Amino acid sequence: MSKAQPNPLEMLAFVVAKQIEDKQIVYVGTGLPMVGAILAKKTHAPNITLVYESGGQDPIEGPMPWSVADPVTWRKAPLTMEMSLSFAQAANGFVDVAFQGAAQIDMYGNLNTHVIGDFNKPKARLTGSGGGNDLSSLTENSIIVGLQTPEKFPAKLDFMTSPGHLTGGNTRREAGLLGNGPVAVITQVGVYDFEPESKRMRIKSLHPGMTVEIAQACTGFELLVPEDEIPVTPIPTAEDLRLLREEVDPQKMFITFPPQ
Amino acid sequence: MKSKFEYNPVALENLQIKDPSILDRLIDTESVRQGNLKKERAKVDKRMTLKEAVAEYVSDGDIYADSGFSYVRTPLQALFEVMRQGKKGLQGIGSPNTNHSYGIPYGVFSYSHNSYLGAEMRGTDRSYSISVQQKKVDILSEWSHGAMALGFKAAQIGAPYLASKSMLASDMINHNPYVKVVDNPFKKDKDPVCLVPALHPDVVFIHVQQADKYGNARIYGPSVNDIALASACRKVIITAEEIVPESDLRNNTGGNIIPFMFVDAVVDLPFGAAPGNCPGHYYWSREFWEWGIRITLSGKSDEARDSFWNYWVFDCKDQLEFVEKLGGVRWIEQHRKLEKASNLTYEDDGVDFSYTSVIPKWD
């Protein structure tokens with residue numbers, strides 16, 4: 001692949017960066033959201049503050065962290081907070097956006113990180129919630145990031161770990177959950193939002209070369225398609241790619257494709 | 001056995017828990033208070049060896065809390081001694097409870113109060129997945145990190161329970177016998193909240209940078225849930241990088257988080273968090289986890305898993321022999337430098353954080 005073309009993971013990281021607005025407080029996990037957030041900080045959003053489940057507040061960027069507790073997540077931070085307080089921060093309105101990944105995502109942006117198959121006879125037992133449920137329940141806006149396949153985007157979750165828009169409409173608010181829930185889904189195919197009434201996943205933009213048919217073929221439920229023309233997702237410039245490869249993730253921990 | 005508490009019957013059924021009395025101790029606040037009233041009041045020298053502390057304070061079947069955060073200031077060497085002494089049937093709890101996976105195949109942990117058990121950047125812990133499939137570990141409750149942290153916090157502040165906005169409407173509500181969704185009684189409009197009871201594990205090891213011989217303890221870096229756990233747990237053992245005079249804690253109060261009266265035993269245990277990170281002292285050995293994941297957490301074979309844990313735990317005398325195996329003085333020099341460059345004052349320009357294979361190759 002030529003230097004000027006992003007691979008699918010670099011494209012994901014770039015689109016993540018574009019979702020972040022300057023001056024926001026961003027609750028980041030590891031992996032691509034971290035890569036995207038640091039790219040945002042180095043480009044259009046220099047005044048964002050990164051916060052972590054480790055309680056780290058505004059660390060100085062270093063090498064890519066291997067987990068949400070990694071020393072890098074509180075590197076030279078002025079202070080860290082206890083875990084219960086780092087989630088209270090989201091509940092109290094001191095987090096603007098949180099990023100989430102999952103093994104399964106449904107049409108309402110509900111997430112499964114618990115189990116594939118039956119809970120008591122699992123095909124695979126996964127990690128469990130970690131902070132995922134808390135961020136989904138408490139943060140003002142959440143953004144879901146991941147690779148899109150029909151298995152990962154099923155009609156029905158095997159287990160609902162983290163709430164999105166539940167069964168659509170007003171159900172999220174009625175359940176007592178805070179914030180707007182998921183506002184975007186970013187995959188290697190495109191960017192999705194949620195239709196305001198039904199709260200069902202809808203195509204917002206497609207990456208270059210992608211079509212509605214490809215997007216639907218990668219999805220286990222029916223995607224909503226807007227009536228207007230679907231925009232093409234902007235791609236990273238040569239300078240964005242240089243930053244990603246040389247400064248943000250020089251060890252290529254998260255932007256090597258296929259993944260290590 | 002009859003249980004003392006009202007549990008969510010749907011959760012009991014979903015989790016296939018036939019005898020709910022096994023759940024009682026975790027939320028039996030009154031028994032903790034009674035135990036605390038009998039704890040040593042006087043300031044006495046509580047130092048003992050790690051072997052003695054594990055033998056005396058960890059009983060088969062205990063609810064065992066993980067502290068620190070996966071590989072940051074985590075009392076891994078205490079956990080390894082628990083495995084070496086062949087403790088059995090423990091209930092693992094912690095947010096996260098990642099490190100309890102290692103002991104499950106050996107019967108050390110038989111139950112999981114699950115919040116997060118995984119291989120972080122490397123995803124799923126397949127060894128845990130296989131243990132769940134083979135019923136070597138029974139899940140007693142499912143938690144979000146925030147809800148469990150709130151349970152420990154409730155215990156710390158003496159609140160019978162706290163109300164949370166986490167967990168609502170998720171499937172964890174029906175896979176956790178302890179939590180209850182009710183309407184916020186202060187609001188006129190309907191407002192569901194999730195009640196999380198005070199959580200009291202039986203035993204916790206907390207690794208700290210410095211403690212005195214009485215148990216007053218100081219940490220540097222993220223405290224995670226450890227301030228709460230030191231209050232919440234029935235038995236508290238401090239393992240410390242350094243034992244310092246009491247006057248040091250009196251004169252420099254920054255970072256002092258645990259008062260002596262909570263503490264049952266103090267262990268002088270340099271490198272007690274190895275191969276993890278001890279902030280201010282040594283960086284973590286990413287290579288250890290990368291190898292571990294490839295050999296044991298991958299669920300490759302029982303033989304590969306046993307060879308790994310035999311080498312690192314069962315045939316390893318203590319934490320100093322462990323550090324020798326990691327690379328000895330070269331490991332110490334490299335990880336001290338990385339830690340200082342990561343979080344302290346060492347010149348970090350030019351320091352290479354990429355991991356190298358200093359450990360003898362296994363596969």
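Procedures and definitions
- Residues numbered from 1 in each chain as written.
- Chains lettered and ligands numbered in written order.
- Predicted model: local features only at pLDDT ≥ 70, side-chain atom pairs only at ≥ 80, totals over all residues.
- Heavy atoms only, no water.
- Helix = DSSP H or I, 4+ residues; strand = E, 2+ residues; numbered from the N terminus.
- Buried < 20%, exposed > 50% of the residue type's maximum accessible area, 1.4 Å probe, protein only.
- Contact = heavy atoms within 4.5 Å.
- Lys, Arg positive; Asp, Glu negative; His and termini not counted.
- Charge placed at Lys NZ, Arg CZ, Asp CG, Glu CD.
- Expected span 1.5 Å × (residues − 1).
- Arc of directions from axis to C-beta.
- Buried area = accessible area lost by both parts, 1.4 Å probe.
- Salt bridge = Lys/Arg side-chain N within 4 Å of Asp/Glu carboxyl O.
- Phe/Tyr/Trp six-rings, centres within 6.5 Å; stacked < 30°, edge-to-face > 60°.
- Pairing = 2+ DSSP bridges.
- Axes fitted to C-alpha atoms, helices over the stretch in contact; angles between N-to-C directions.
- 1 Å grid on protein atoms, 1.4 Å probe; cavity = no way out; pocket = protein on both sides within 12 Å on 5 of 7 lines; lining within 4 Å.
- Points joined across faces, edges and corners; volume = space filled by probe spheres on them.
- Nonpolar A, V, L, I, M, F, W, Y, C, P; charged D, E, K, R; others polar.

A.B. asks: Run through the overall build of chain A, naming residues and quoting values.
C.D. replies: For chain A, the helix and strand inventory stands at seven helices and 13 strands. With the principal axes as the frame, chain A shows a C-alpha extent of 45 × 45 × 35 Å. In chain A, which comprises 260 residues, the proportion classed as buried is 61%. Taking the contacts inside chain A whose residues are at least 6 apart along the sequence as the reference set, 64% of them involve residues at least 24 apart. Once the 21 positive and 29 negative side-chain charges of chain A are each reduced to a mean point, those two points are 4 Å apart.

A.B. asks: Can you lay out helix α10 (residues 302-314) of chain B for me, pointing to particular residues and giving the numbers?
C.D. replies: Structurally, the α-helix is built with 3.6 residues per turn, so residues lying three or four positions apart point the same way. Residues and elements named next belong to chain B. The end-to-end C-alpha distance of α10 is 15 Å, clearly below the 18 Å that 13 residues give at a rise of 1.5 Å each. Taken residue by residue, α10 has Ala-304, Arg-305, Phe-308, Trp-309, Trp-312 and Val-313 as its buried positions. Seen from one end, α10 has its buried residues packed into an arc of 120 degrees, which puts them on one side. Buried residues in α10 make contact with α4 (76-84), α9 (286-297) and α11 (319-326).

A.B. asks: Before we move on, can you summarise the interface of chain B and chain A with the specific residues and values?
C.D. replies: Think of interface size as the accessible area that goes away when the parts come together; that is how it is often given. On the side of chain A, 49 residues touch chain B, which itself brings 67 residues to the contact. Here chain B meets chain A over a buried area of about 4,600 Å², counting both sides, of which 58% is carbon and sulfur. Among the residues of chain B in contact with chain A, B:Phe69, B:Met121 and B:Lys165 are the three that bury the most area, contributing 13% of the side total. Remark: the boundary between chain B and chain A carries four salt bridges.

A.B. asks: I'd like a description of the packing of aromatic side chains, backed by residues and values.
C.D. replies: Each aromatic ring pair is described using two quantities: the centre-to-centre distance and the angle formed by the ring planes. All names here are of chain B. All chains considered together, the criterion is met by 29 aromatic pairs over all chains. A ring pair is formed by Tyr-282 and Trp-331, whose centres lie 5.9 Å apart and whose planes are at 50 degrees; its orientation type is tilted. Of the two residues, Tyr-282 sits in the loop between β12 (265-268) and α9 while Trp-331 sits in helix α12 (residues 328-343), which places them 49 residues apart along the sequence. The class for Tyr-282 is buried, based on a relative accessible area of 2%. Residue Trp-331 is classed as buried on the basis of its relative accessible area of 2%.

A.B. asks: Before we move on, can you summarise the pairing of strand β9 (residues 122-125) of chain A with the specific residues and values?
C.D. replies: Residues and elements named next belong to chain A. Looking at chain direction, strand β8 (residues 115-117) and β9 are connected through three bridges and run antiparallel. Within β9, the position partnered with Ile-116 by the bridge is Ala-124. The loop that links β8 with its antiparallel partner β9 comprises four residues.

A.B. asks: How would you explain the sheet that holds strand β5 (residues 161-164) of chain B if you had to name every residue and give the values?
C.D. replies: Residues and elements named next belong to chain B. Here three strands make up an open sheet; going across it, the order is β5-β7-β6 and the pairing antiparallel. Pairing within the sheet leaves two strands with one partner each, and these edge strands are β5 and β6 (180-183). The mean angle between the axes of side-by-side strands here comes to 40 degrees, regardless of whether they run parallel or antiparallel. Relative to strand β7 (residues 192-197), β5 is paired through four bridges, and the arrangement is antiparallel. Following the sheet pairing, Tyr-161 is matched in β7 by Pro-197. Its contacts with the sheet put helix α6 (residues 145-157) on β5 and β7, and the angle it makes with β5 is roughly 145 degrees.

A.B. asks: So what about the layout of surface pockets? Which residues, and what values?
C.D. replies: The volume enclosed by the largest pocket comes to roughly 1,600 Å³. Around the largest pocket sit 50 residues that line it, and A:Gly101, A:Ala102, B:Glu120, B:Met121 and B:Gly123 are the ones nearest its centre. Of all the secondary structure elements, the ones that give two or more residues to the lining of the largest pocket are α1 (8-19), α2 (32-42), β5 (97-100), β7 (111-112) and α4 (132-138) of chain A together with α5 (126-133) of chain B. As a volume, the second largest pocket reaches approximately 400 Å³. Forming the boundary of the second largest pocket are 20 residues, of which B:Val32, B:Arg33, B:Asn36, B:Ser231 and B:Phe262 lie nearest the centre. When residues of the lining of the second largest pocket are traced back to their parent elements, those giving at least two are α2 (29-37), α6 and α7 (226-232) of chain B. Looking at which element gives the most residues to the lining of the second largest pocket, the answer is α2(B), with five residues. When its residues are assigned to classes, the lining of the second largest pocket shows ten nonpolar, six polar and four charged.

A.B. asks: Go over the packing of α9(B) against α10(B), please, and point to the residues and values.
C.D. replies: Residue and element names in this part refer to chain B. α10 packs onto α9 with a crossing angle of 145 degrees between their chain directions and a minimal axis gap of 8 Å. Taking contact as the criterion, the partners of Phe-288, Trp-291, Gly-292, Ile-295 and Thr-296 in α9 are, on α10, Ala-304, Arg-305, Phe-308, Trp-309 and Trp-312. The class makeup of the residues in the contact of α9 with α10 is seven nonpolar, two polar and one charged.

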